[in-house]
Amino acid sequence: MNPKYVALISAELNISMKQAENTMSLLAEGSTVPFISRYRKEQTGSLDEVQIGKIEDLGKRYQEVDDRRAFIIKTITEQGKMTDELLAKLEASWVLTELEDMYLPYKPKRKTRAMAAIEKGLEPLADLILAQEAGEIDEAAKTYINEQVASADEALKGARDIIAERINENAELRDKLRKLFTHTAKFSSKVIEGKEAEGVKYKDYFDFSEELHSIPSHRVLAILRAEAEGILFGNISPDEEEAQSIIHKQFVTGNGPASQQVEKAAADAYKRLLRPSLENESRAAAKEKADTEAIEVFAENLRQLLLAAPLGPKAVIAVDPGYRTGCKTVALDNQGNMLAHDVMFPLEKNYKAQDAEHLLRNWVNKYEIQAIAVGNGTAGRETEDFIKKIDFGKKVNVFMVNESGASVYSASEVAREEFPNEDVTVRGSVSIGRRLIDPLAELVKIDPKAIGVGQYQHDVNQSHLKQSLDRVVVSCVNNVGVNLNTASKHLLAYVSGLGPSLAENIVKYRRENGAFKNRQELKKVSRLGDKAFEQCAGFLRIEHGDNPLDNSAVHPERYPVVEAIAAGQKCTVSELIGRNELRKQVNIKDYISEEVGQLTLEDILKELAKPSRDPRDEIAIFEYAEGIKSMEDVHPGMTLPGVVTNITAFGAFVDIGVKQDGLVHISHLSNKFISNPNEAVKLNQKVTVTVLEVDIARKRISLSMKDNEPNTGGSGGGGQRKERREGREGKPAKEAPLNDFQAKLQALKSKFK
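In short, a report on the structure.

The subject of this paragraph is the overall build of the protein. In terms of regular secondary structure, the protein is built from 30 helices and 17 strands. Here the protein holds 753 residues, and 49% of them are scored as buried. Pairs at least 24 apart in sequence give 66% of the contacts found in the protein among residues at least 6 apart. For the protein, the accessible surface area stands at approximately 36,400 Å², while carbon and sulfur atoms represent 49% of it. Here the protein contributes 104 positively and 114 negatively charged side chains, and the mean placements of these two sets differ by 3 Å.

Structural data, given as structure tokens:
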């Protein structure tokens, strides 16, 4: 571990040197972010997963800078051009652009105009011009005429090429101009002539300009995508006069003939070398910033989706709806294992509808079904209505389930391995049902990019996206905890310290030896050593095992502490878990030691109060407005229930049950100003929205949440919505005043311009 990294990270993240050093040591030892965050709070000073992740990322970044610096120093030294001053500057810098600027004059490059001029012997003339002393430069230039230089003008042109390259390679100047680009440049775009019709979806950017430092990420990515498609031409540049002025102040020191030559060289240097180079840098920086913001949006959406409320271990029927090909229907037990599958045609106006009802009734009774999941794709609303009208003789809740990515799963290697003898339609239905039972356990099998909750996810840096999304999945899995005896190898692979290979070995051991009886038995799994056990054990749960602590987040390394606490209260560990009054009597300070501090002891007592409790919310029953099933049924002024399906930097998309999500622009998410949509809504949140505008031709619905309180019921436009959690009715939302509609519509339109 490099001590310099510790100091840099401490300063950048505003944490103590000890926190940075201990965290980096734990990471270097092979500890995972979830493990460090939960079980090493004394060492890190309670740093959370985000902070620890940043320490990990910064450590890698500084290592990359160090590696590049070493290469640059080696290259310049081998050229015999290294000086003590240059070496000191290189060793002091931790910014890649600074290092690259210092390296630029020594960087091997293709033959340039300046190189050609130097080969012709024109470098002394360039030095003479740069000195900008009084005298006739034309006469001096004539002395350089030879077989390679035909005239004085050609000699001056070659000298200017040399000067232009020197200006371009001046690190101090590049830094000044880089700051000018950063703070004052504008990102502009123009439509390419003849591409107006083809690129109509980019119409907002046909004649567009915005300050580079403030342009939102989604606009940057939209322009870059349109450029790649050949629709737009983009440009990033500051005021050219100001840029030229900066160059002149540094390089033009007089007003004679020599200075005029320097001015010409400076203009050429900026136009031909500096501006293209710095524009490319600015583009890359803007793209990187936009990528980071888009990835953060995607990661937050994914986190919320993975932590969506589960139904829990209950037998369900899952339906993948359809018209012509029917509804692919499966029955699953409480662990998501398939019991039966069939195809029904509930939407045909004949005996097939009766057959569908008979099938559902039969399965509900035969398999003790407690809930029915209906995919939210084509014919979803109609199928849901059909099922809700059936009297099953007992309570069977019906849930609409987001099926995004189910088709990706059904065609994947994972699905083929699970159901080698079933076709993709059956596998897709199984995925829908399992998403209801436990969305986290099912969604980890799908590439996060296919789930459909991102913003320009295919345009951003794919390696950074994968790293970020994988980190989110790992965080969510370990935050919830995993049942060691029922989890699939795909879910186990995300547990701290495991991975695909050890997950496979755990499943194999379970298959050959039966259910795990205690956490210590994990050490019998092939290749699962002490370090892997340390990292994973606290996140794996065993229900009804030998030790009640095995079904909690208490780490096995702290079992002796819990046993000591129980002994101090003259009770068993089970009694300590079950009796709140015993835990209240515990004096934490009595059990603090060199290894176990107050933070860990507080966590242990909190966990004993709710061992194995799922941190996710309870699932809520939701109903769309009655009679609203297509865009033609939606009209301005309606107040409708909906579910947030995606959150972007510019607003939130809401499913109101018409197969086309509506957009609540960020300006209409709240009555107060917000800069981030996540301040107002969360993924899967139930909301009430007012319809502002319906554009059937462009398949756009504009919505507003102003004057509508989140998570409340509402009526309007011929429909009512109900939401409840086991016997709790939602409160009706007040109706939005229709006479305010025109004002809302105008406000929204102005925002989109």
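We are not done yet, so read on.
On to the sheet that holds strand 6 (residues 338-344). Across the sheet, which stays open at both edges, the 5 strands sit in the order 6-5-4-7-8 with mixed pairing between neighbours. Strands at the two margins of the open sheet, each flanked by one partner only, are strand 6 and strand 8 (397-401). Recorded for the sheet is a direction-independent mean angle of 20° between the axes of neighbouring strands. Here strand 5 (residues 327-332) pairs with strand 6 via 6 bridges, running antiparallel. Counterpart to Cys327 in the pairing with strand 6 is Met344.

Attention now moves to the sheet that holds strand 15 (residues 686-695). In spatial order, the strands read 12-13-14-16-15; together these 5 strands close into a barrel with mixed pairing. Across the sheet, the mean angle from the axis of one strand to that of its neighbour is 50°, orientation sign disregarded. As paired strands, strand 12 (residues 639-648) and strand 13 (residues 651-655) are joined by 5 bridges and run antiparallel to one another. Directly across from Val644, in strand 13, lies its bridge partner Val654.

This paragraph deals with helix 14 (residues 240-251). Helix length check: helix 14 (12 residues) gives 17 Å between terminal C-alpha atoms against 16 Å at 1.5 Å per residue, within 8%. When helix 14 is considered as a whole, its buried residues turn out to be Ala243, Gln244, Ile246, Ile247 and Phe251. In a view along the axis of helix 14, the buried residues occupy a sector of 155°, so they form one face of it. Exposed side chains of helix 14 directed beyond 90 degrees from the buried face belong to Glu241 and Lys249. Those residues of helix 14 that are buried are in contact with helix 11 (152-168), helix 12 (171-184) and helix 15 (257-306). The backbone nitrogen of Glu241 lies 3.3 Å from a side-chain oxygen of the residue at the head of helix 14, namely Asp239.

So, about the packing of aromatic side chains. Enumeration over the complete set of coordinates arrives at 11 aromatic pairs. Ring plane angle 80° and centroid distance 6.4 Å describe the contact between Phe71 and Tyr103, whose orientation is recorded as edge-to-face. With a gap of 32 residues between them, Phe71 in helix 5 (residues 49-78) and Tyr103 in helix 7 (residues 96-103) connect regions that are remote in the sequence. A relative accessible area of 3% means that Tyr103 is categorised as buried. Relative to Tyr624, the ring of Phe622 has its centre 5.0 Å away and its plane inclined at 90°; by these criteria the two rings are edge-to-face. Take Tyr624: its relative accessible area is 7%, and that puts it in the buried class. Through pairs of rings, three or more aromatic residues link up here, namely Tyr5, Tyr62 and Trp94. Note that Lys523 overlies the ring of Phe533, its terminal NZ or CZ placed 4.7 Å from the centroid.

So, about the packing of helix 7 against helix 12. Remark: helix 7 packs on helix 12, axes separated minimally by 9 Å, with the N-to-C direction vectors making an angle of 140°. Judged by the angle between their axes, helix 7 and helix 12 are oblique. Taken as a pair, helix 7 and helix 12 cross one another with a handedness that is right-handed. Residues Thr97, Asp101 and Met102 of helix 7 form the contact with helix 12, whose own contacting residues are Ala171, Arg174, Asp175 and Arg178. Looking at side-chain class alone, the contact of helix 7 with helix 12 contains 2 nonpolar, 1 polar and 4 charged residues.

This part covers the pairing of strand 16 (residues 700-704). Burial within strand 16 is extensive, with 4 of its 5 residues counted as buried. The turn linking strand 15 back onto strand 16 is made up of 4 residues, and Lys699 within it adopts a positive phi angle of 55°.

What counts, and at which threshold
Residues numbered from 1 in each chain as written. Predicted model: local features only at pLDDT ≥ 70, side-chain atom pairs only at ≥ 80, totals over all residues. Heavy atoms only, no water. Helix = DSSP H or I, 4+ residues; strand = E, 2+ residues; numbered from the N terminus. Buried < 20%, exposed > 50% of the residue type's maximum accessible area, 1.4 Å probe, protein only. Contact = heavy atoms within 4.5 Å. Areas by Shrake-Rupley, 256 points an atom, 1.4 Å probe, with all protein chains shown as cover. Lys, Arg positive; Asp, Glu negative; His and termini not counted. Charge placed at Lys NZ, Arg CZ, Asp CG, Glu CD. Pairing = 2+ DSSP bridges. Axes fitted to C-alpha atoms, helices over the stretch in contact; angles between N-to-C directions. Expected span 1.5 Å × (residues − 1). Arc of directions from axis to C-beta. Polar contact = N/O pair within 3.5 Å; in protein donor to acceptor, adjacent residues only side chain to side chain. Phe/Tyr/Trp six-rings, centres within 6.5 Å; stacked < 30°, edge-to-face > 60°. Lys NZ or Arg CZ within 6 Å of the ring centre and 35° of its normal. Parallel < 35°, antiparallel > 145°, perpendicular 65-115°, else oblique. Left-handed = near helix turned anticlockwise from the far one by under 90°. Nonpolar A, V, L, I, M, F, W, Y, C, P; charged D, E, K, R; others polar.

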